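Survey of secondary and tertiary structure
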Protein chains: 2
Amino acid sequence: MSPRERLVVIGGDAAGMSAAAQARRRRSVDELEIVAFERGAYTSYSACGLPYLVSGQIDDVDALVARSPATHRAMGIDVRTGSQVVALDLDARTVTVRGADAEVVEPFDGLVIATGAVPARPPLPGIDADGVFGIQTLGDGIALRDAAQRASERRAVVVGGGYIGLEMAEAMHQRGFAVTVIDAGPQPLAGLDPDMGAIVARAMRSIGIELLTDTRVDAIETDATGRARGVVAAGEQHAADIVVLGIGVHPNVELARAAGVRIGDAGGVATDDHMATSAPGVWAAGDCVETRHRITGRSVFVPLGTHANKQGRVAGINATGGDAAFPGVIGTAVTKICAYEIGRTGLSEREARAAGFDFAAARIDSTARAGYYPGATPITIKVVAERGTGRLLGAQIIGQEGAVKRIDVLATAIWAGMTADELSQIDLGYAPPFAPVWDGALVAARKVAALV
Amino acid sequence: MSPRERLVVIGGDAAGMSAAAQARRRRSVDELEIVAFERGAYTSYSACGLPYLVSGQIDDVDALVARSPATHRAMGIDVRTGSQVVALDLDARTVTVRGADAEVVEPFDGLVIATGAVPARPPLPGIDADGVFGIQTLGDGIALRDAAQRASERRAVVVGGGYIGLEMAEAMHQRGFAVTVIDAGPQPLAGLDPDMGAIVARAMRSIGIELLTDTRVDAIETDATGRARGVVAAGEQHAADIVVLGIGVHPNVELARAAGVRIGDAGGVATDDHMATSAPGVWAAGDCVETRHRITGRSVFVPLGTHANKQGRVAGINATGGDAAFPGVIGTAVTKICAYEIGRTGLSEREARAAGFDFAAARIDSTARAGYYPGATPITIKVVAERGTGRLLGAQIIGQEGAVKRIDVLATAIWAGMTADELSQIDLGYAPPFAPVWDGALVAARKVAALV
């Protein structure tokens, strides 16, 4: 090892730069050189914020950038933007970096892989036409926003009814577009059970969004200039001057795979709970890794900013001789579409079944305030618990105006290994502006406790 | 025992009627007669909703009544309103009930005491003048609302800066009154630590509410007709045509005490976790009882609708041969004053010190949404944890617009016995409209984890 070691980070997203920042905090510039290679022009931006850039709720692109390359450089992190790592040699301990002009080979002692995810792009006719947008990078978001501002027909088709699909549908709806969401499955948000998915479908339609389920997109139609002018799905034409692809992302693991780093069952870079990969001195974090689901014990791919930040922090600590662990996930996710908020945590009935659990589920209707208090909007809560033990396995919530963060109570209870009966007793906050005297979470827990 | 047993409930509040309803659910009318004696005219009303009746946010008095006497009667519960129980004879197993015309002696086999609480009424000159209002019963709320509608000066003094004091200050402020809150202590909401109390004080003043701390009320001033026209406090006159007493309540235990039922250290009827009193066949529930604080193990008096309902349910189950337990409280409480929301759970620093814990505390500033998302209002979170074990002891939150129910995550973690480090890792819901990528609860937990 050289007297001054060198930590290389591949990828300037939140995971990579969290790792770099944490490493910098723990090691002086004299001890450790830190170089981060980012393909694009931006670092540490919130990909989760892109829908709100597109909708116009956020004007300033810089607002999505937690720390710019210049900020990182001022912290002593040598960020090199426009620098794509195209090869990784674990024996030579080098990366090959393609810049604007040339490829250079750069050495490393320690390495953090944070190559993120790539949006799924099905091989459809017309998929690469102008007017078809994936949403993964800040550049994607800016391009879509600008196109939306210019669009004359103001008709959008969103392909995919998952989280990003719904958020993009909201964004285009708020832009004043007529929006059609097309999903190949029977409901939006496949992470919800059908009964809860049906509520989301109703909510979307009540907003004026056209929702087509069990419908496959056959092709993107283009005009004479090669611009998208619509989508053909199940044989029907849907006019659109903007087509947004919201069909999910894959972990970007090609570089790691080619170098011989182990890829796991869920398709992401495999790591232990210290974010160490199969290669000595190589850590990985963020949307390129898979992680452990704490309830099933299985590997899952959950690309989400909150995990990316935590994992990056852990990788940065361990890459500098520290000892930190990422404890895995329980699949908590929240989103909204206009006034409707949707959250889930743990296992749905479908997931519990697939994981081999014997379980019961209960669904209740409650309100976000005391029933008599003005603005007591409805909340529907579903809870899944294991038969025999009574252990909480999962929960789903649909509500309005701020209601969805109540999923965190259920996430915390599930994380703690509580039973449904234990949850039903907790001393939660009560006052009429905030909850009925029997909080919905307690009622749902009591209902499922009686079944297990 | 007679072939048909008789369960008597003293008090028609939420606790008493929850007990009656639960007993009715478990025993047929042929098996068990259930008689509930209520001094006033209403049953099962939400005392917590009174401030919103006074403010005018709730128009309809009936909206606060979960179940009317007629509804209870239709369920097979013999509710007798206008019936005050004035004596209890545990040997004869009778209660003496004073009605409109006469006193009658009524027998019971089982008994549930749900006599509620009585507002503190300090022996000040003028305390009984017209225009001075306590807030405990639905009748109190109606009287104050009607007086507020008639008042010409529209100046209110609220005596006491606790939960009810703040809620009444909000109500009078929303009615368009100039409001002064006078508290004998150094801050509003004594359940918060001074640093958090100071934030509440600033918030109140920013709304335009005058707040006087460390100030004792000497007298209520009255005019020639005997009506209140102001308050004298620390030698200064504060004009008011409405004076609201918000200085807390005492458990109403005189009947129980006189009958020889054991009263506990916190001044409430003492019960075990089955809500059984020291007298065989006699249960108690609601604002007249004291309960166990799960963290300190000590007896506490926490009059709150959510506990009253749970305790009533437990009493009703056990009074009919069932087996249910009330697990105690951790002191969770939430309130709001105009746009500001305040919550607490577990132990404050002050309470942790009094209970003999060695602890550390950390306070952080976060936002209710991603910082870049419109409407990302501030949230301040304070967490207290035990040194050595790292166990979470308590938390306090101040925020805006729906933020305060996030205290429930901390309540759930504390209830589960989690450490600060464990809490800092939980997979909480993340999306920009709902939280920063590092949720404030996680940040606060991590900060305090580093100190313990």
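Overview of the structure. (Residues numbered from 1 in each chain as written. Chains lettered and ligands numbered in written order. Predicted model: local features only at pLDDT ≥ 70, side-chain atom pairs only at ≥ 80, totals over all residues. Heavy atoms only, no water.)

**A few points about the relation of the copies chain A and chain B**
- Overlaying chain A with chain B gives an RMSD of 0.0 Å, the required rotation being 180 degrees about an axis along which the chain moves by 0.0 Å. Such values leave the two copies arranged in the relation of a two-fold axis. For chain A, the minimum C-alpha distance to the rotation axis belongs to Val409 of chain A and amounts to 2.4 Å.
- Taken together, the interface assignments show that 100% of the residues at the interface of chain A recur at the interface of chain B, consistent with an identical surface on both copies. (Least-squares fit on C-alpha atoms with pLDDT ≥ 70 in both. Contact = heavy atoms within 4.5 Å.)

**Quick look at the interface of chain A and chain B**
- Each partner contributes to the interface: chain A provides 57 residues, whereas chain B provides 57 residues.
- Buried surface at the junction of chain A and chain B, both sides included, amounts to about 5,000 Å², of which 67% is carbon and sulfur.
- Sorting the residues of chain A by area buried against chain B places Tyr372, Asp427 and Phe434 of chain A first, and these three jointly supply 16% of that buried surface.
- Where chain A meets chain B, there are two salt bridges.
- Salt-bridge contacts for Lys405 of chain B lead to Asp439 of chain A; the nearest nitrogen and oxygen are separated by 2.5 Å.
- Counting every contact that joins chain A to chain B gives 22 residue pairs in polar contact (both at pLDDT 80 or more).
- Listing elements by their share of the side of chain A that touches chain B, those giving two or more residues are α8 (305-318), β21 (333-337), α10 (407-415) and α12 (440-449) of chain A.
- Of the residues in the side of chain A that touches chain B, the class split is 32 nonpolar, 14 polar and 11 charged. (Buried area = accessible area lost by both parts, 1.4 Å probe. Salt bridge = Lys/Arg side-chain N within 4 Å of Asp/Glu carboxyl O. Polar contact = N/O pair within 3.5 Å; in protein donor to acceptor, adjacent residues only side chain to side chain. Helix = DSSP H or I, 4+ residues; strand = E, 2+ residues; numbered from the N terminus. Nonpolar A, V, L, I, M, F, W, Y, C, P; charged D, E, K, R; others polar.)

**Side note on the sheet that holds strand β2 (residues 32-37) of chain A**
Residues and elements named next belong to chain A.
- If you trace the five strands from one edge of the open sheet to the other, you get β3-β2-β1-β7-β18, paired in parallel fashion. The sheet terminates laterally at β3 (78-80) and β18 (282-284), the two strands that pair on one side only. Within this sheet the neighbouring strands show an average axis-to-axis angle of 15 degrees, counted without direction.
- Against the sheet, helix α1 (residues 14-26) touches β1 (5-10), β2, β3 and β7 (110-113), its axis set at about 170 degrees to β2. (Pairing = 2+ DSSP bridges. Axes fitted to C-alpha atoms, helices over the stretch in contact; angles between N-to-C directions.)

**Here's the deal with the packing of helix α1 (residues 14-26) of chain B against helix α8 (residues 305-318) of chain B**
Residues and elements named next belong to chain B.
- Packing of α1 against α8 leaves a shortest axis separation of 7 Å and a crossing angle of 35 degrees. Classified by chirality, the crossing of α8 by α1 is right-handed. Contacts from Ala14, Ala15, Ser18, Ala19, Gln22, Ala23 and Arg26 of α1 reach α8 at Ala308, Asn309, Gly312, Arg313, Ala315, Gly316 and Ile317. (Left-handed = near helix turned anticlockwise from the far one by under 90°.)

**Thoughts on the pattern of salt bridges**
Residue and element names in this part refer to chain A.
- For the coordinates displayed, the defined rule picks out 40 salt bridges over all chains.
- Residue Arg369 is joined to Glu401 by a salt bridge in which the shortest nitrogen-to-oxygen separation is 3.7 Å. Of the two residues, Arg369 sits in the loop between β23 (359-367) and β24 (378-386) while Glu401 sits in the loop between β25 (392-400) and α10, which places them 32 residues apart along the sequence.
- On the basis of relative accessibility, which here comes to 44%, the residue Glu401 falls in the partly exposed class.
- Notably, a salt bridge pairs Arg391 with Glu386, separated by 3.5 Å at the nearest N-O pair.
- A relative accessible area of 26% means that Arg391 is categorised as partly exposed.
- Here Glu386 falls in the buried class, since its relative accessible area comes to 15%.
- Each of Asp193, Asp195, Glu349, Arg353, Arg363 and Lys382 takes part in a single network of salt bridges with overlapping partners. (Buried < 20%, exposed > 50% of the residue type's maximum accessible area, 1.4 Å probe, protein only.)

**Here we look at the side chain of Asp193 of chain A**
Residues and elements named next belong to chain A.
- Among the secondary structure elements, Asp193 is positioned in the loop between β11 (178-182) and α6 (194-207).
- Here the side chain of Asp193 touches Lys382 through a polar contact of 3.1 Å, side chain to side chain.
- What Asp193 contacts, discounting residues up to four positions off in sequence, is Gln187, Ser348, Glu349, Arg350, Lys382 and Gln396.

**Structural notes on α12 of chain A**
- Residues of α12 of chain A that are buried: Gly440, Ala441, Leu442, Ala444, Ala445 and Val448 of chain A.
- Its buried side turned inward, α12 of chain A meets β23, β24 and α11 (420-423) of chain A together with α8 of chain B.
- The backbone nitrogen of Ala441 of chain A lies 2.9 Å from a side-chain oxygen of the residue at the head of α12 of chain A, namely Asp439 of chain A.

**Side note on the sheet that holds β24 of chain A**
Residues and elements named next belong to chain A.
- Read across the open sheet, the five strands follow the order β21-β22-β25-β24-β23; overall the sheet is antiparallel. The sheet terminates laterally at β21 and β23, the two strands that pair on one side only. Along the sheet, successive strands turn relative to each other by an average axial angle of 10 degrees, direction set aside.
- As paired strands, β23 and β24 are joined by nine bridges and run antiparallel to one another. Each bridged residue has a counterpart across the sheet, and for Ala360 the counterpart in β24 is Ala385.
- Across the sheet, helix α5 (residues 163-174) touches β21 and β22 (340-346), and the angle it forms with β21 is around 25 degrees.
- α12 rests against β23 and β24 of the sheet, and its axis sits at about 150 degrees to β23.

**Section: the environment of Met168 of chain A**
All names here are of chain A.
- By secondary structure assignment, the location of Met168 is in helix α5.
- The spacing of Met168 and Leu138 is 30 residues in sequence and 14 Å in space, taken between C-alpha atoms.
- What Met168 contacts, discounting residues up to four positions off in sequence, is Pro51, Val54, Ile135, Leu144, Val158 and Val244.

**Brief notes about the packing of aromatic side chains**
- Per the counting criterion, the structure on display carries two aromatic pairs over all chains.
- Pairing Tyr52 of chain A with Tyr373 of chain B gives two aromatic rings, centres 4.9 Å apart and planes at 80 degrees, and the pair type is edge-to-face. Taken together, the residues span two chains, with Tyr52 of chain A in helix α2 (residues 50-55) and Tyr373 of chain B in the loop between β23 (359-367) and β24 (378-386).
- Tyr373 of chain B sits in the buried class, given a relative accessible area of 4%. (Phe/Tyr/Trp six-rings, centres within 6.5 Å; stacked < 30°, edge-to-face > 60°.)

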